[in-house]
Amino acid sequence: NCSFTVTVADAEAPQLQCPGTLTHGVDSGQCGAVVSFTVTHTDNCLGSGQNRTGGLASGAEFPVGSTTVSYEATDGSGNQDTCSFAVVVTDDEDPTITCPQDIVHTTNAGVCVGTVPYTAPTGGDNCPGSNTALVGAGAPNSPFSLGNTTVTYRVTDAATRTAQCSFVVVVEDNEAPTITCPAAVFQGTDSGACSAVVMFADATANDNCGVGSVAVVDGPVSGSTFPRGTTQVVFQATDNSGNTANCTLDVTVYDDELPQITHCPASITASNDPTVCLGQVVYAAVNFTDNCEANSTLVQGQASGSNFSVGYHFIQHQVMDGAGQWRTCSFSIVVNDDESPEITCPADIVVNTTSTTCNQVVSFAMPARSDNCGTVNIGQSLGLASGSNFSLGTTTQSFTAADLRLHFASCSFSVTVEDVFA
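On a predicted model such as this, the values are computed, not experimentally measured, just so you know. (Residues numbered from 1 in each chain as written. Predicted model: local features only at pLDDT ≥ 70, side-chain atom pairs only at ≥ 80, totals over all residues. Heavy atoms only, no water.)

A. The arrangement of the sheet that holds strand β30 (residues 326-336) in detail. Overall, mixed pairing links the four strands, which are arranged β24-β30-β29-β27 in an open sheet. Only two strands of the sheet have a single neighbouring strand rather than two, namely β24 (268-271) and β27 (294-300). Averaged over all pairs of adjacent strands, the angle between their axes in this sheet comes to 25 degrees, without regard to strand direction. As defined by bridge partners, β27 adjoins strand β29 (residues 311-321) across six bridges and the pair is classed as antiparallel. Directly across from Leu298, in β29, lies its bridge partner His317. (Pairing = 2+ DSSP bridges. Helix = DSSP H or I, 4+ residues; strand = E, 2+ residues; numbered from the N terminus. Axes fitted to C-alpha atoms, helices over the stretch in contact; angles between N-to-C directions.)

Structure, rendered in structure tokens:
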């Protein structure tokens, strides 16, 4: 007998089938992606198997980037086969950024900018390594110009994907301008007028953002005719943002022109009215003019049409205007007593001698006398005094009356002594 052994050797390696390169975007919100894949092998004999020798298993979360996955297949005879493939995860998700709401801020005091504080936004991304930057001007707490400024921030992730947001910073000028009026004006009236043409400078104004206009908003403008008294002129400054400020200028026009007397009556000499020690005197009115208004007042003496006593009278009128300026008109009135006194003598007297004498004692009353102005003095200019011894015959008795102005009046009567005895 003989025998021999026939050995059949397996020299054929198994065959691995790896997928090609797998490209996958990140899962939402993640910096990676769960990637599933299938790796298979075949072999001519039973008993082969495969193992992952590098990379991550199917169903694992692969990071952004390229990950090499390697496999090895070994059959029962120790024959081997290897394969590998790349799993590429790309970051195709944009970063995110949220800006603050629009901001309204006022200018800083005295300047036309506003320092605006705010919290700068920080962008977010599904992967680390993003960077947020201000695009242009407008950093927090920096000076912003008057008006609207758009502030933009941009976030860039590690994959150079970008996102940006913007907000508006509105800087408003709420600061009123400052305004200074010219000094108060004091001016006399123009000649012959109760007013004056007054010139004055404009008010001056300053503002943190510029003055738009300065104008008179109440009262007359410079070069106008101002009435006597105080007139207020209101100036208003308006800045470029419409803020306003006012100041007031007092313009005082005073009357420095005296009234003018155009007619002052001449002095008057008049006679008394009959039977009285008075004379009614009428004199012309005092005529006057004034650039404003004036009044005439009798300050001494009696008014026209009054009864003036006999004698000298001083008359003075004062013409005064509304500013207290005055002139006077003065004249005299003399009332003369041109009326003589009145005197009335007794009736003629006839008496008889006595039986023993050739004469007779005769008494008589003094003549009656009167005067329109009172006191009358009387004197006998001819004859004998009452109670005298009158001789036989007729004696003329004459009397003269004199008033204080030396006007005279006379009267006479006779005293007759008759002899009736044989």
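Further notes follow.
B. Quick peek at the environment of Ser48. Of note, Ser48 is situated in the loop between β4 (40-42) and β5 (49-54). In this structure Ser48 comes out as partly exposed when scored by relative accessible area, which is 25%. In sequence terms Ser48 and Thr394 are 346 residues apart; their C-alpha atoms lie 213 Å from each other. Every residue in contact with Ser48, bar those within four places of it in the chain, is listed here: His41, Asp43, Thr74, Asp75 and Gly76. Within the local environment of Ser48, its side chain forms a polar contact with the side chain of His41, the two groups lying 2.9 Å apart. (Buried < 20%, exposed > 50% of the residue type's maximum accessible area, 1.4 Å probe, protein only. Contact = heavy atoms within 4.5 Å. Polar contact = N/O pair within 3.5 Å; in protein donor to acceptor, adjacent residues only side chain to side chain.)

C. Broad picture of the side chain of Asp239. As for its position among the elements, Asp239 is in strand β21 (residues 229-239). Look at Asp239: it is buried, it has no salt bridge, and the nearest opposite charge is Arg154 at 35 Å. Within polar-contact distance, the side chain of Asp239 engages the backbone nitrogen of Gly242 at 2.9 Å. A distance of 2.8 Å separates a polar side-chain atom of Asp239 from the backbone nitrogen of Asn243. (Lys, Arg positive; Asp, Glu negative; His and termini not counted. Salt bridge = Lys/Arg side-chain N within 4 Å of Asp/Glu carboxyl O.)

D. Looking closely at the state of the cysteines. All told, the structure shown has nine disulfides when counted by the stated rule. Cys194 shares a disulfide with Cys292; S-S distance 2.0 Å. On the sign convention where negative means left-handed, the S-S torsion of about 105 degrees between Cys194 and Cys292 marks this disulfide as right-handed. Within this pair, whereas Cys194 is found in the loop between β16 (185-188) and β17 (195-197), its partner Cys292 is found in the loop between β26 (287-289) and β27, the two being separated by 98 residues in sequence. Between Cys264 and Cys329 runs a disulfide, and the two sulfur atoms are separated by 1.9 Å. On the S-S bond that ties Cys264 to Cys329, the torsion sits near 85 degrees, and the link is right-handed. (Disulfide = S-S within 2.5 Å.)

E. Region of interest: a nonpolar patch on the surface. There is a patch of nonpolar side chains on the surface, built from Phe4, Val6 and Val8 and spanning about 410 Å² of accessible area. With respect to the helices and strands, the residue Val8 is situated in the segment before β1 (15-17). (Patch = residues over 30% accessible without salt bridge, like charges linked within 9 Å, V, L, I, M, F, W, Y side chains within 5 Å. Areas by Shrake-Rupley, 256 points an atom, 1.4 Å probe, with all protein chains shown as cover.)

F. Main features of the sheet that holds strand β35 (residues 376-382). The sheet built from four strands is open, its strands ordered β32-β38-β37-β35 with mixed pairing. Where the open sheet ends on each side, the last strands, each with one partner, are β32 (349-352) and β35. With direction set aside, neighbouring strand axes in the sheet form an average angle of 25 degrees.

G. Structural view of the pattern of salt bridges. Considering all chains together, one arrives at two salt bridges under this definition. Across the pair Asp94 and Arg161 runs a salt bridge, and its minimum N-O distance is 2.6 Å. Of this pair, Asp94 sits in the loop between β8 (80-90) and β9 (103-106) while Arg161 sits in the loop between β13 (147-156) and β14 (162-172), and the two are 67 residues apart along the sequence. Look at Asp94 and you get partly exposed, because its relative accessible area is 40%. Judged by relative accessible area, Arg161 falls into the partly exposed class, the value being 30%. The salt bridge partner of Arg228 is Glu293, with a shortest N-O separation of 3.0 Å.

H. Structural context of the environment of Asp157. Following the sequence through the fold, Asp157 ends up in the loop between β13 and β14. Under the relative-accessibility criterion, Asp157 is labelled buried at 3%. Setting aside its immediate chain neighbours within four residues, Asp157 contacts Asp91, Glu93, Pro95, Asp125, Gly129 and Ser130.

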